[in-house]
Amino acid sequence: MWNKHTEKLQNCLSSIEVSGIDCCKDGCDEAFSVWKEMTERLRQQGKIIYLIGNGASASMASHFSADLAKNAHVHTQVFTDLALITALANDISYDQVFVEPLKRRLTPDDMLVAISSSGNSPNVLKACNFAAQTGASVVTLSAMSAENSLRSIGDINFWLPAETYGMAETGHSCILHYWMDSVSIPAP
């Protein structure tokens, strides 16, 4: 069973599809190269990478926020403060829990990385649309349905043909680790 599972994961990762506004016609290598350049430029300018997601994707956003800050020396931020999330959800709407703080912080020189297995989470979609309208860079990671809404919003969109949340989350973690490793600064 384990070998079949890892074979499915390999097939899923090998079948990744990448799209973007001005890049990615040549696939994953070009997309990762552009993402690396965007991140390095952001680091040089002292700008911020915001990472968002729900559930396990929120945990992944938090994990990579910490790793990027530590290993890539970039300023990162996530919205995982329970008091902030519940206040916004209660007083405004759950679909605004990412947009509202971004309205006060996001600049056109920042980056938003959005992680959503389904690619159809209203709060993630609204945040990506807001970031795109603001002029910030948007990178999306989605899975499940090939017609999900998230995979057409970003400057770079990674989509995995994963059929389960476990496969989607494992694949997204691989993508994020590969990106982080490419922009990490070696320890002295």
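Check the entry above for the structure.
These figures come from a predicted structure and were not determined experimentally. (Residues numbered from 1 in each chain as written. Predicted model: local features only at pLDDT ≥ 70, side-chain atom pairs only at ≥ 80, totals over all residues. Heavy atoms only, no water.)

This part takes up the packing of helix α2 (residues 28–45) against helix α7 (residues 165–183). Direction vectors running N to C along α2 and α7 enclose 55 degrees, while the axes themselves pass 10 Å from each other. One way to sum up the angle between α2 and α7 is to call them oblique. Crossing of α2 over α7 shows right-handed handedness. Facing α2, whose interface residues are F32, W35, K36, T39 and R43, α7 presents I175, L176, Y178, W179, S182 and V183. (Axes fitted to C-alpha atoms, helices over the stretch in contact; angles between N-to-C directions. Helix = DSSP H or I, 4+ residues; strand = E, 2+ residues; numbered from the N terminus. Parallel < 35°, antiparallel > 145°, perpendicular 65-115°, else oblique. Left-handed = near helix turned anticlockwise from the far one by under 90°. Contact = heavy atoms within 4.5 Å.)

This brings us to the pairing of strand β2 (residues 48–52). Two faces belong to every sheet, and in a regular strand the side chains alternate between them. Counting buried residues in β2 gives five out of five residues, a clear majority hidden from the surface. Going residue by residue along β2, you find I48, Y50 and I52 tucked away on one face and I49 and L51 tucked away on the opposite face as well. Pairing of β2 with strand β3 (residues 75–78) involves four bridges; the strand directions are parallel. In the sheet register, L51 faces β3, and the bridge partner there is V78. Once you follow β2 into helix α3 (residues 56–72) and on to β3, the crossover reads as right-handed. Relative to strand β4 (residues 111–116), β2 runs parallel, the two being bridged by four bridges. If you follow L51 over to β4, its bridge partner there is V113. (Buried < 20%, exposed > 50% of the residue type's maximum accessible area, 1.4 Å probe, protein only. Pairing = 2+ DSSP bridges. Right-handed = clockwise from strand over helix to strand, strands pointing away.)

Position of A56 among the secondary structure elements: in helix α3. C-alpha of A56 to C-alpha of Q44: the two residues are twelve residues apart in sequence and 30 Å apart in space.

Taken as a class, soluble globular proteins show a tendency for nonpolar side chains to be buried jointly. Core analysis: the biggest nonpolar cluster contains 36 residues, and W35, V113, F158 and W179 have the highest contact counts within it. Ranked by the residues each element gives to this core, the list is headed by α7, at seven residues. Dropping the residues within four chain positions of it, W179 is found in contact with F32, W35, T39, I49, L51, L68, M111 and V113. Judged by nonpolar contacts, the second largest core, of 22 residues, contains I48, I52, V97 and F98. (Core = buried A, V, L, I, M, F, W, Y, C linked by side-chain atoms within 4.5 Å.)

Right, let's get into the packing of aromatic side chains. Applying the stated criterion across every chain, the model contains six aromatic pairs. Aromatic side chains F32 and F158 sit 4.9 Å apart centroid to centroid with 35 degrees between the ring planes, which places their arrangement in the tilted category. With F32 in helix α2 and F158 in strand β6 (residues 156–159), the pair connects residues that are 126 residues apart, well separated along the chain. For F32, a relative accessible area of 12% puts it in the buried group. (Phe/Tyr/Trp six-rings, centres within 6.5 Å; stacked < 30°, edge-to-face > 60°.)

Bringing the environment of H5 into the picture now. Checked against the element boundaries, H5 lands in helix α1 (residues 2–14). The class of H5 is partly exposed, set by a relative accessible area of 39%. Residues H5 and S152 lie 147 residues apart in sequence; the distance between their C-alpha atoms is 29 Å.

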